[in-house]
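Take a look at the letters that make up each chain.
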Amino acid sequence: MQNEGYSTNLEKAITILQNDKKYLQNENDKLKIQLEESIEEVCLLKAETISINDLLNKEIEKNKINQIHIEQLKNQPQLQNEDTKFENLNKYKNQQEKLCSLEQKILRNCEEMKMDKQRELDVEFHKFLDKLENKFNVDKQKYFEKYQLEKENLKDEIKKLYQEIIQYRREIEKLKNQLDKQQMDGKNSQKFNESKILDQRLEIYNNFEKEVPTLKKNQDNLEQRNLELKNQEQSRQNRLNGFMEIREQQQFRQQQENEQNKNTIKQMFRHIKKSHGFIEICFLLDITGSMDPYKQQAKKCIQESIKQIKMFTQKEAKWSVIGYQDFSEYKQLGSQYRQLKFTQDSRLVEEFLDSLVCAGGGDAAEDLRGGMKQMVKNLEWEKEFRLAILICDSPTHGRKYNGGVSDRYPNEDIEDAILELIDKNIFLMAIKFNQVTEVMYDEIKKIYQAQGKPELLLVEDAQNIGISNLSNLFVNLISNATVTITQMNNTASKINNKKTFQKIEIISAMENLCKKNTDPVNFDQDPEVEVIETKFEVFKVELSDQFLENHIQNIKAFKTENCFKPIKEPGLWDCKRTVHPFASGSLKQVFLMKKKDTPTELYAIKMPLGDKTYQSIEDAVKDCRSHLIAKGLLEKFIKDLEKNQKEDTELQIFDVQYTNILILKDVKQKNSFWVAERYFSGKFVKYNNNSAFILDDSNSLNHLMQAFSFYTFYKSNLNYIICDVQGIGQYMTDPAINTKEGNFDETDIGETGIKSYLGSYQGKSHLGRDYLRNLNIPDFEDI
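What counts and what doesn't
- Residues numbered from 1 in each chain as written.
- Predicted model: local features only at pLDDT ≥ 70, side-chain atom pairs only at ≥ 80, totals over all residues.
- Heavy atoms only, no water.
- Pairing = 2+ DSSP bridges.
- Helix = DSSP H or I, 4+ residues; strand = E, 2+ residues; numbered from the N terminus.
- Patch = residues over 30% accessible without salt bridge, like charges linked within 9 Å, V, L, I, M, F, W, Y side chains within 5 Å.
- Areas by Shrake-Rupley, 256 points an atom, 1.4 Å probe, with all protein chains shown as cover.
- Salt bridge = Lys/Arg side-chain N within 4 Å of Asp/Glu carboxyl O.
- Lys, Arg positive; Asp, Glu negative; His and termini not counted.
- Charge placed at Lys NZ, Arg CZ, Asp CG, Glu CD.
- Axes fitted to C-alpha atoms, helices over the stretch in contact; angles between N-to-C directions.
- Core = buried A, V, L, I, M, F, W, Y, C linked by side-chain atoms within 4.5 Å.
- Buried < 20%, exposed > 50% of the residue type's maximum accessible area, 1.4 Å probe, protein only.
- Contact = heavy atoms within 4.5 Å.
- Parallel < 35°, antiparallel > 145°, perpendicular 65-115°, else oblique.
- Left-handed = near helix turned anticlockwise from the far one by under 90°.
- Nonpolar A, V, L, I, M, F, W, Y, C, P; charged D, E, K, R; others polar.

Visitor: Tell me about the sheet that holds strand β20 (residues 731-732), and please be specific about residues and values.
Guide: The four strands lie next to each other as β14-β20-β19-β17, forming an open sheet whose pairing is mixed. Only two strands of the sheet have a single neighbouring strand rather than two, namely β14 (657-658) and β17 (684-686). Bridge count for strand β19 (residues 726-728) against β20 is two bridges, and the pairing is antiparallel. Each bridged residue has a counterpart across the sheet, and for Gly 727 the counterpart in β20 is Met 732.

Visitor: I'd like a description of a positive patch on the surface, backed by residues and values.
Guide: A surface patch of positive charge is lined by Lys 105, Arg 108, Lys 556 and Lys 740. You can see Arg 108 is positioned in helix α2 (residues 82-185).

Visitor: Any details on the pairing of strand β13 (residues 598-608)? Residues and values, ideally.
Guide: Here seven bridges tie strand β12 (residues 588-595) to β13, and the two strands are oriented antiparallel to one another. The residue of β13 that forms the bridge with Gln 589 is Met 607. Hairpin connection of β12 to β13: two residues between the antiparallel strands. As defined by bridge partners, β13 adjoins strand β16 (residues 673-678) across four bridges and the pair is classed as antiparallel.

Visitor: An account of the sheet that holds strand β5 (residues 427-432) is needed here, citing residue identities and associated values.
Guide: Spatial ordering of the open sheet is given by β3-β2-β1-β4-β5-β6, a layout of six strands whose pairing is mixed. Edge strands, defined here as strands with exactly one partner in the open sheet, are β3 (338-343) and β6 (457-461). Strand-to-strand twist of the sheet, defined as the mean angle between neighbouring strand axes without regard to direction, takes the value 15°. Pairing between strand β4 (residues 385-392) and β5: six bridges, direction parallel. Pairing of Leu 387 across the sheet is with Phe 427, part of β5.

Visitor: Any chance you could break down the nonpolar core for me, citing the residues and the numbers?
Guide: Membership of the largest hydrophobic core comes to 68 residues, with the highest contact counts inside it found for Phe 283 and Ile 391. Element by element, the count of residues in this core is highest for helix α10 (residues 470-486), at eight residues. Setting aside residues no more than four positions away along its own chain, Phe 283 makes contact with Ala 298, Cys 301, Ile 302, Trp 319, Ser 320, Val 321, Ile 322, Ile 389, Ile 391 and Ile 478. The next biggest cluster of nonpolar side chains, apart from the first, holds 64 residues, and it includes Ala 620, Ile 629, Ile 663 and Leu 718.

Visitor: Residue-level account of the packing of helix α16 (residues 700-715) against helix α17 (residues 750-762), with values.
Guide: Contact geometry of α16 with α17 gives a least axis separation of 12 Å together with a crossing angle of 130°. Our classification of the angle between α16 and α17 gives oblique. Considering only the axes of α16 and α17, their crossing is left-handed. On α17, the residues that touch Gln 706, Ser 709, Phe 710 and Phe 713 of α16 are Ile 754, Tyr 757, Leu 758 and Tyr 761. Each residue belonging to the contact of α16 with α17 can be placed in one class, and the counts come to six nonpolar, two polar and no charged.

Laid out in C-alpha cells, this is it:
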C-alpha cells in the first residue's frame, strides 16, 4: 500500500511539472504574439513615415520648381521691379522654412511614438521575466524539497524492510534447526504443528523475497525521477540564462541611451555656455569735444569690470564701442560712426578708445538716435545677456528731449531707436553727468514704461562725483547691471499670451495668500469676513507611479482622460468657506475653507478668475496636471536619492513633497467644481521661477530643490523641466512646466524658459551639485 502511495505522488509530481511546462509554453507564445504585434506597429509607423516623407518630397519638388521660377524672374528685370523679386524670394524662404519645420515635427513625433512603444514593451518584458524567474525559483525549491523528502522516506522504508528480512531469515534458520532436531528425536505431533507455523513464516519470507525486486525497481524509478528533475532544472536554467542574456542586452542598450543622454546634455551645456556664458557690453560713447575725460575713465574701468563680472555672475565679457557725434561728422565718416565690434580682448578696446578723438558737435544736441541705431543693427548681438552703457553729457536731438539747448534738428525723435533696443532685449544703463540731460532721460523712461519694460533701463546720477572717481563708479555700475540682467524680472513667473505671443509676468494666487499678513486659519471668527456653509463631494486625484515611470520622457502622454483618475471619497464634507476670494493671482483666485469637524485644518480652494467655478471635473483636473506631475516626480526624486545614499556621504534628504490635490463638487450647485489643497502656515519661499530666477541661498533645502528641477530635465530626456518651485517648509505648491514645444499650459514658456533657467544655473551650478552627483547626473562642472 505504501508503494502505491509513492507511485501516486510521483504521478502527481509529473502532472504538476507537465502543467508548468504548458504554462511556460503559453507565456512564451503570448510574449511572441506581443513582440509580433509591436513589430507590426513599428512597421506601420515606418510606413506612415515613408508616406509622409513622400508627401514632403513632392512639396520639396514643387518648391524647387518655384525656386527655378524665381530664378527666371530674377533674370527678367523688365518684367518686375526689385521689390517684387525680394517679396517672392521671401515667400519662398518662408514656405521652405515651414516645410522644414513640418518635416522635423513629423519625424520627431514618429520617433517619440516609437520610443514610447519600445519603453512599454521593455517594461512588460521585464515584468514577464521577473514573474517567470520568481515562479521558476519557487517551483524549483518546492519540487526539490518534495523530492528530497520522498527520497529520504523511501530510503528509510527500504532500510526497515531489509532489517525485517534479515530478522526473518534468522528466525527461519532457527526454526529449521529446531525442526531437524524434532524429527530426529521423534517428538510428538505438537512439535509438528510448530512446523506448520514455520511453513507460514517461510511463506511470509518468500513474499518478502518477491517484494525486494519491486522495492529495487521503486528505487530505480526514484533515481530516474531524480535524473529527470535534474534535466528539467538544467533546461529551466538554460531558459533563464537566455532571458538573463536578453536582459543584459537591454541593460546595455539602456546604458548606451544614458551615455547618449549625457553627451546630449554636454552638448546643450556647451551651447548654453556659448549663448548664456557671456555678457555683451557696448560703450555707447558721445565723442564730441567735451567728452575726452569720460572716455579715459571708461578705459580705466574695463580690467576691473572683467574681474567683477566673473566673480558675481561666473560669465565672460565681450566688449564693443560706438563713438557717436552729430550729423555732419556722420556724413564725413561715410554714414557710419566709428565702432569696434565685440571682442574678448580688453587691450583692443583700450587701444580703440585711445584712438578716438573727441571733437565736433556744432550745436548742443547730438545724434544719440543714430548711435543707438548703429549699435543695434551693425553689431552682432549673439548672446542672451546684453548691456549698453550710455556715456554722454549732451541730450539727443528733438524738442521733447533737448531740454531747451540749441538744436538744429528739433523734429528728431529717438523713440524708434529705443523700441529697437527693447526688441533686442538690450539692457540700457545711462549715466547722468549734468542737468542738461535730465529731460531726455525722463522722456526715455516714459517710453520704457509705456512698453511695460521699465526693468530694461537704469539711469544712474553721477553729477556729484568727480571725474577722477568715475572709473570706480563705472565698475560698480557695470557689476550690478550684469547681475541684474542675468536675474531679470526677479522672482516673477511668466505666461504665454497666445493672442499676442508675448510673455507676461504672472503672480501665483497661492503666493499672494501665503504672503498676507493676516492669519487665515481663524477666518470664520473674523467679523469682517463673510462666510457661507456648504457641502462638498470629495474626489482624490493622483498620478500612478507606473504611468509616470512608463511615460516620464513624454509630457504629451499625461492627458486628463488616461492617467489622472479621480477617486470619490466616502460621505460628504460639511464645510464653511469665505464668500469672497481671500487672495488673487494672475490666473486664479483663492478662497479659504475648513471642515466643521476639524476646524484646525485649513484648505485653500481655487477657481479661475471671473467668479466662475470649473464646469466639470475634467476641467478641474486638467488645471492640476502640472501639480500632479511635479508631485510624482518629486516623490521619485527623493526615492532615488535614498536608494543611492552612501554611508560615507552626508547628504541631507528632506521629507519634502507637493501637497495632495482634491476636487470638490458643490452639492447645491450644478456643475460647480473647486480645486483644493491643504494650507500650511509659515514663511513662503520661491526657489526658482519658470525663467531665469534662481534663489541664491546656501540653505540645504535650496540645494535640494534646484537639484530637483535639473533632475526632471535629465529624466525627461531633455524634453521638459519642472520649475516655479516654491512653498512653505516641506510643502511645495503651484509648480510650472517648461517644455521644448511650449504648449503644455499657460505657464509653459517653452525652450526660452528652459535655456534661461539653465543659463542662470550655469553660474550657480554649485547649488544641488552633490545631490546630482549622488544620482550620477552630470552638471556644468563635469563638462
